[in-house]
Amino acid sequence: DPTYAPNEMLATDGKTVEGFDVDVFNAVAAKLGLKTEYVPAGFGTIILGVTSGKYDVGVSSFTINPERKKQVNMVSYYSAGTQWVVAKGNPEKVNIDDVCGKSVGAQKDTVQAEDLAARSKKCTDAGKPAITQVIQTGQDQVTADVASGKTVAMLADSPVGLYAVKQTGTLEALGEIYDSAPYGYVVPKNQTDFANLLVEALKAAKADGSYEAALKKDSVEAGAIDTLQRIRAQRTDA
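What counts, and at which threshold
Residue numbers here run from 1 along each chain, matching the order of that chain's written sequence. This being a predicted model, a pLDDT of at least 70 is required before a residue's local features are given, and a value of 80 or more before pairs of side-chain atoms are given or counted; all residues contribute to the totals for chains, interfaces and linings. Hydrogen atoms and water are omitted, and side-chain values are computed over all heavy atoms in the structure. Every helix listed is a DSSP run of H or I at least four residues long, and every strand listed is a run of E at least two residues long, numbered separately from the N terminus. Here the term buried applies to any residue with accessible area under 20% of the maximum for its type, exposed to any over 50%, and partly exposed to those in between, with areas from a 1.4 Å probe on protein chains only. Polar contacts here mean pairs of N or O atoms no more than 3.5 Å apart (in protein, one a potential hydrogen donor and the other a potential acceptor; neighbouring residues in sequence count only if both atoms are side-chain atoms). Any two residues having at least one pair of non-hydrogen atoms within 4.5 Å are treated as being in contact. Put simply, a nonpolar core is a bunch of buried Ala, Val, Leu, Ile, Met, Phe, Trp, Tyr and Cys residues held in one set by side-chain atoms that sit within 4.5 Å of each other. Two strands qualify as a pair provided that DSSP identifies no fewer than 2 bridges between them. To count as a disulfide, a pair of cysteine sulfur atoms needs to be within 2.5 Å. By convention, a stacked pair of Phe, Tyr or Trp rings (six-membered ring in the case of Trp) has centres within 6.5 Å and planes under 30 degrees apart, an edge-to-face pair has planes over 60 apart, and any other such pair is tilted. To define axes, lines are fitted to C-alpha atoms, for helices over the stretch in contact only, and angles between the resulting N-to-C directions are given on a 0 to 180 degree scale. We call two directions roughly parallel when the angle between them is under 35 degrees, roughly antiparallel when it is over 145, roughly perpendicular when it lies between 65 and 115, and oblique otherwise. A crossing counts as left-handed when the near helix is turned anticlockwise from the far one by less than a right angle, and as right-handed when that turn is clockwise. Put simply, Ala, Val, Leu, Ile, Met, Phe, Trp, Tyr, Cys and Pro go in the nonpolar bin, Asp, Glu, Lys and Arg in the charged bin, and everything else, Gly too, in the polar bin. Handedness rule for crossovers: strands pointing away from the viewer, path from the first strand over the helix to the second running clockwise, crossover right-handed.

Asker: So what exactly am I meant to see when it comes to the side chain of Thr110 here?
Answerer: Summarising the element assignment, Thr110 is placed in the loop between β5 (103–107) and α4 (111–125). Thr110 gets classed as buried once you look at its relative accessible area, which sits at 6%. For Thr110, the side chain forms a polar contact with the main-chain oxygen of Gln107, separated by 2.6 Å. Apart from residues no more than four positions distant in its own chain, Thr110 is found in contact with Phe43 and Arg68.

Asker: Is there a simple way to explain the nonpolar core in this structure?
Answerer: In globular proteins that are soluble, nonpolar side chains generally tend to be buried together. If you look at the biggest cluster of nonpolar residues, it comprises 29 residues, and the most contacted ones within it are Val24, Tyr78, Tyr185, Leu202 and Tyr211. Those elements that provide at least two residues to this core are α1 (20–31), β4 (72–87), β8 (171–188), α7 (192–208) and α8 (210–217). With six residues, α7 is the largest single contributor of residues to this core. If sequence neighbours within four positions are ignored, Val24 has contacts with Tyr185, Leu202, Tyr211, Ala214 and Leu215. Within the second largest apolar cluster, 17 residues are counted, among which are Val94, Val99, Ile131 and Tyr178.

Asker: Please explain the sheet that holds strand β2 (residues 8–10) as it appears in this structure.
Answerer: Sheet strands line up and pair through hydrogen bonds in the backbone, either parallel or antiparallel. Pairing is antiparallel in the open sheet, where three strands are placed in the order β1-β2-β3. Each of the sheet's edge strands pairs with one partner strand only, and the pair in question is β1 (3–4) and β3 (17–18).

Asker: Looking at this structure, I do not really get the state of the cysteines. What am I missing?
Answerer: Among covalent bonds in proteins, the disulfide is the one between the sulfur atoms of two cysteines. The tally for this structure, following the rule as stated, stands at one disulfide. Disulfide pairing places Cys100 opposite Cys123 at an S-S distance of 2.0 Å. Between Cys100 and Cys123 the sulfur-sulfur dihedral comes to about -85 degrees; the bridge is accordingly left-handed. Taken as a pair, Cys100 in the loop between β4 and β5 and Cys123 in helix α4 lie far apart in primary sequence, 23 residues in all.

Asker: Looking at this structure, I do not really get the environment of Tyr55. What am I missing?
Answerer: Structurally, Tyr55 is set in the loop between α2 (46–51) and α3 (66–69). Residues Tyr55 and Val186, spaced 131 residues apart in sequence, show a C-alpha to C-alpha distance of 9.9 Å. What Tyr55 contacts, discounting residues up to four positions off in sequence, is Val39, Ala41, Ile46, Gly49 and Val50.

Asker: I'm lost on the packing of aromatic side chains in this one. Help?
Answerer: The geometry of two aromatic rings is summed up by the distance between their centres and the angle between their planes. What the rule picks out here adds up to six aromatic pairs. Relative to Phe62, the ring of Phe43 lies with its centre 4.7 Å away and its plane at 20 degrees, an arrangement referred to as stacked. Taken together, the residues span a long stretch of sequence, with Phe43 in the loop between α1 and α2 and Phe62 in the loop between α2 and α3 at a distance of 19 residues. Given a relative accessible area of 1%, Phe62 falls into the buried group. Of the aromatic side chains, those joined through ring pairs into one cluster are Phe20, Phe25, Tyr77, Tyr78, Tyr183 and Tyr185.

Asker: Would you explain the packing of α1 against α8 in this entry?
Answerer: How two helices pack is summed up by the angle between their axes together with the distance between the axes. Their axes nearest at 8 Å, the elements α1 and α8 cross at an angle of 160 degrees. Considered as vectors, α1 and α8 are oriented roughly antiparallel to each other. Like other packed secondary-structure pairs, α1 and α8 cross with a definite hand, here right-handed. Counted together, Phe20, Asp23, Val24, Ala27 and Lys31 of α1 and Ser210, Tyr211, Ala214, Leu215 and Lys217 of α8 form the full contact between these two elements. Within the contact of α1 with α8, the residues separate by chemical class into six nonpolar, one polar and three charged.

Asker: Even after reading the chapter, I still don't get the pairing of β5, so can you show me in this structure?
Answerer: Moving residue by residue along a regular strand, the side chains alternate between the two faces of the sheet. Taken across its five residues, β5 has four buried, putting it largely inside the fold. Relative to strand β6 (residues 132–136), β5 runs parallel, the two being bridged by five bridges. What sits directly across from Val104, in β6, is Gln133. The handedness of the β5 to β6 crossover, carried by α4, is right-handed. The sheet contact formed by β5 and strand β7 (residues 153–157) spans two bridges and is parallel. Looking at β7, one finds that Gly105 is bridged to Met154.

Next comes the structure, spelled out in structure tokens:
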């Protein structure tokens, strides 16, 4: 999903996908003697595209969580958490622990959208106004909403939120990064050998420095991890 800068975004030609996810996976592919073809797609369509055979692998900042583990194998390669972002100076005095009744943005099908829904339910359960959840298909629109004042805050993966702060100059990070968890490459359930091969390629890229070099290129090396492994798909018939 190339709306998720700096993880994945379109180059100035408007069609080439670039970003740190691309740089890291290119290092992985190089260890296998392969070249990649990146196909831009809506975030919520990618896992289905992998399970249906449309794509060989999904590379798009997928947080490894129980719901996704029911559908696919995942290969961990990076760690990110959730970062809140507001207008510079926080003019609306946003308090992360109490945003009941306020307009807050997140991208559709992300862990942040789930986070926002859970917070809104907590508000209504306590007899407070619900959060106005402004859920957009692309992260670029989520960022535009908070920059324009349509929303008072947004939630995004930490590298994405911090990149928006850096690029716009009109936004700032609010609070600490929380719920840090690994990203995973998405591989079909029945392709365990392929998933294991990606793990070995990642370890080889880590060993020769190309993994770290790819992260440093986009200044996101803080999320580097040592535990590069396959997260097995969970049975759903138990």
